[in-house]
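Architecture and fold: a report
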Amino acid sequence: MTTAATGYIAKFKVWRGDTEGGALEDFEVEVNEGEVVLDIIHRLQATQAPDLAVRWNCKAGKCGSCSAEINGRPRLLCMTRMSVFTREETITVTPLRAFPIVRDLVTNVGFNYQKAREVPSFVPPQDLGPGEYRMMQEDVNRSQEFRKCIECFLCQDTCHVVRDHEDNKEAFAGPRFLMRVAELDMHPLDDAAEQGLDRKATAQEEHGLGYCNITKCCSEVCPEGIKITDNALIPLKERAVDRKYDPLVWLGNKIMRRGQDT
Ligand code: SF4
Ligand code: SF4
Ligand code: FES
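Keep in mind the model is a prediction, meaning the values are calculated, not measured.

Section: the overall build of the chain
- For the chain, the count of helices and strands is 10 helices and 7 strands.
- Scored against the burial criterion, the 262 residues of the chain give a buried share of 31%.
- Considering only contacts in the chain between residues 6 or more positions apart, those separated by 24 or more positions represent 62%.

A few points about the domain arrangement of the chain
- Segmenting the chain into domains produces domain 1 (7-107) and domain 2 (110-261).
- Taking only C-alpha atoms, the centre of domain 1 and the centre of domain 2 are 33 Å apart.
- Each side of the interface is counted separately: domain 1 has 12 residues, and domain 2 has 13 residues.
- Across the side of domain 1 that touches domain 2, the residue classes tally to 7 nonpolar, 3 polar and 2 charged.

What about the site of ligand 1?
- If you check the shell around ligand 1, you find Cys159, Val161, Pro175, Cys212, Asn213, Ile214, Thr215, Lys216, Cys217, Cys218, Thr229 and Leu233 and nothing else.
- Counting residues per element, the ones that place at least two in the shell around ligand 1 are α8 (217-221) and α9 (228-245).
- Taken together, the residues of the shell around ligand 1 sort by class into 8 nonpolar, 3 polar and 1 charged.

So, the site of ligand 2
- Lining the immediate surroundings of ligand 2 are 14 residues, of which Cys149, Cys152, Leu154, Cys155 and Cys222 lie closest.
- Among the residues making up the shell around ligand 2, the classes are represented as 11 nonpolar, no polar and 3 charged.

Focus on the pairing of strand β4 (residues 73-76)
- Where strand β3 (residues 67-70) and β4 come together, 4 bridges link them in antiparallel fashion. Bridge pairing in β4 links Ile70 to Arg73.
- What sits between the antiparallel neighbours β3 and β4 is a turn of 2 residues, in which Asn71 has the positive phi angle 50 degrees.

Examining the pairing of strand β2 (residues 21-32)
- Pairing of strand β1 (residues 7-18) with β2 involves 12 bridges; the strand directions are antiparallel. Residue pairing for β2: Lys13 is matched across the bridge by Asp26.
- From the end of β1 to the start of β2, which pair antiparallel, there are 2 residues.

So, the environment of Ser83
- The topology assignment puts Ser83 in the loop between β4 and β5 (90-94).
- Considering only alpha carbons, one finds Ser83 and Pro175, 92 residues apart in sequence, at a separation of 30 Å.

Brief notes about helix α1 (residues 37-47)
- Of the positions making up α1, those classed as buried are Val37, Ile40 and Ile41. All buried residues of α1 lie within an arc of 100 degrees about the axis, which places them on one face of the element. Residues of α1 that are exposed and point over 90 degrees away from its buried face: Ala46 and Thr47.
- Along its buried surface, α1 packs onto β1, β2, β3 and β5.

As for the environment of Ile228
- Among the structural elements, Ile228 can be located in helix α9.
- Separated by 201 residues in the primary sequence, Ile228 and Phe27 place their C-alpha atoms 36 Å from one another.
- Ignoring anything within four residues of it in the chain, the contact list for Ile228 reads Cys155, Pro175, Met179, Cys218, Ser219, Cys222 and Leu233.

Things to note about the environment of Gln204
- Within the fold, Gln204 resides in helix α7 (residues 199-205).
- Here Gln204 falls in the partly exposed class, since 18 other C-beta atoms lie within 10 Å of it.
- If near-sequence neighbours (up to four positions away) are discounted, Gln204 is found in contact with Leu209, Gly210 and Ala240.

Focus: the nonpolar core
- Core analysis: the biggest nonpolar cluster contains 51 residues, and Leu77, Val93, Cys155, Leu178, Ile228, Ala232 and Leu236 have the highest contact counts within it.
- Ranked by residue count, the leading element in this core is helix α6 (residues 175-186), at 6 residues.
- Here this core spans two domains, since at least three of its residues come from each of domain 1 (7-107) and domain 2 (110-261).
- Sequence-distant contacts of Val93, that is, excluding residues within four places in its chain, are made with Phe12, Val14, Trp15, Val37, Ile41, Ala68, Ile70 and Leu105.

Considering unusual backbone geometry
- Even without glycine at this site, Glu151 takes up a positive phi of about 55 degrees.
- For Lys216, which is not glycine, the phi torsion reads 70 degrees and is therefore positive.
- In this structure, Lys216 sits in the loop between α7 and α8.

Criteria and cut-off values
Residues numbered from 1 in each chain as written. Chains lettered and ligands numbered in written order. Predicted model: local features only at pLDDT ≥ 70, side-chain atom pairs only at ≥ 80, totals over all residues. Helix = DSSP H or I, 4+ residues; strand = E, 2+ residues; numbered from the N terminus. Buried ≥ 20, exposed ≤ 12 C-beta atoms within 10 Å, placed from the backbone. Contact = placed C-beta atoms within 7 Å. Domains from an automatic or database assignment. Nonpolar A, V, L, I, M, F, W, Y, C, P; charged D, E, K, R; others polar. Near = placed C-beta within 6 Å. Pairing = 2+ DSSP bridges. Arc of directions from axis to C-beta. Core = buried A, V, L, I, M, F, W, Y, C linked by C-beta atoms within 7 Å.

This is the structure:
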């Protein structure tokens, strides 16, 4: 098994195919100390499979493009060290299961861009000019956690609501974009409500917040360690429920609506 003092030969199964179908292909490939799975995929391209398709850019865990599944778990190829596997095990690399195949390890993640477009962006406060925005540090920290997102879509891929249920995709934005709604809804300077946009209502009625049953699988695969469920989805659910069932909120909304009607 061992070939040299620094290297060994590993067994890989890599999914090859396109929109017409495909299968796992077996490879034996050299591995050297300190390498990550993306290095091995590149070595396969260089030595055995020059047409193997894989998407990547930074090789530093920051661009979010090398997402795939390794032994069935959504991961970044460039951040998965070969040392986490034993030398004997066969490592299986497959494309993200929740999105349509383009070729080999490359999927069409357009679903996510479509969902991104459906979330209205930050609404600047009308009574403050540039440079006049002030926020409490704890509000800044909350936003900053969510802003660490590298848009790798591993959370979207792992979420059971869409992973095996293609027909849920239309009604469900997925954890990454519900997190975006949560961030904006909790943003102290977002003026959406004053301008007639109820982000809590859209979370439930347009982005499918009710489909999420807080299993936390999304948080478990996030390479940035964002606590998607605890810090974004659960607070958003609580705020949305308060909005719906709090009698004072209900009364306030009713009075406001009456005021707008007159
Ligand atoms: S916590 Fe919600 S969004 Fe996250 S994986 Fe589970 S169901 Fe999906
Ligand atoms: S929240 Fe985490 S897992 Fe989801 S897209 Fe952003 S970085 Fe990736
Ligand atoms: S290549 Fe950029 S995150 Fe892996």
